[in-house]
Amino acid sequence: MAKAKQLRAGVIGAGAIAQNGHIPGFKNAGVEIAAICDTNIDRAREVAAKFNIPHAFGDYRELLKLKDIDLVSVGLPNVLHAPVSIAALKAGKHVLCEKPMTISVADAKKMIAASKRYGKLLSINQHMRFDATSQAMRDITRSGALGKVNMVRLANHRN
């Protein structure tokens, strides 16, 4: 039986979500992190050194040129989620985009269309959708037991 190819990731954005979430998550899943970028190249280099990441860039387009990266995480300001995710999909990378998906429905539709067009997975790190409570709310709403739902007010508390 052939050994599965190890996935290689690029991390776009070297802030707190990358350092506390994406990088440790990838490492725990056995994904090799091949590159990181941030517009603050000094921060990208510091994070690369801290996590033993071989390549650091100041521009995400340079990271996307790497042929051996299978996927990228996008942890940037919300306004950049759509253009950077679409560029990554076009470059042949699967994308894990931080929440919220983007700032408009139109941009969300463009991201989904790019995922389909380029045949790459697009996932939004909105992890609460897998929570039992969230799934129960979805199921009861879909069942029609509540009638037509016009509005929902939600408060989410976590430590």
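Above this text sits the structure in question.
Draft legend 1. Main features of helix H5 (residues 105–118). Under the 1.5 Å per step criterion, the end-to-end length of H5 is 20 Å for 14 residues, consistent within 8% with the ideal 20 Å. Turning to H5, its buried residues are Asp107, Ala108, Met111, Ala114 and Ser115. For H5, the buried positions fall inside an angular range of 120 degrees around the axis, keeping them on one side. Looking at H5, the residues exposed on the side facing more than 90 degrees away from the buried face are Val105, Lys109, Lys116 and Arg117. On its buried side, H5 packs onto helix H4 (81–90), strand S5 (94–98) and strand S6 (122–125).

Draft legend 2. Spotlight on the sheet that holds strand S1 (residues 8–12). The parallel open sheet is built from six strands, whose spatial order is S3-S2-S1-S4-S5-S6. Strand pairing shows two members of the sheet lacking a second neighbour, strand S3 (55–57) and S6, which therefore form its edges. When the angles between neighbouring strand axes are averaged without regard to direction, this sheet yields 20 degrees. Two elements, strand S2 (residues 32–37) and S3, share three bridges in a ladder whose sense is parallel.

Cut-offs and rules
- Residues numbered from 1 in each chain as written.
- Predicted model: local features only at pLDDT ≥ 70, side-chain atom pairs only at ≥ 80, totals over all residues.
- Heavy atoms only, no water.
- Helix = DSSP H or I, 4+ residues; strand = E, 2+ residues; numbered from the N terminus.
- Expected span 1.5 Å × (residues − 1).
- Buried < 20%, exposed > 50% of the residue type's maximum accessible area, 1.4 Å probe, protein only.
- Arc of directions from axis to C-beta.
- Contact = heavy atoms within 4.5 Å.
- Pairing = 2+ DSSP bridges.
- Axes fitted to C-alpha atoms, helices over the stretch in contact; angles between N-to-C directions.

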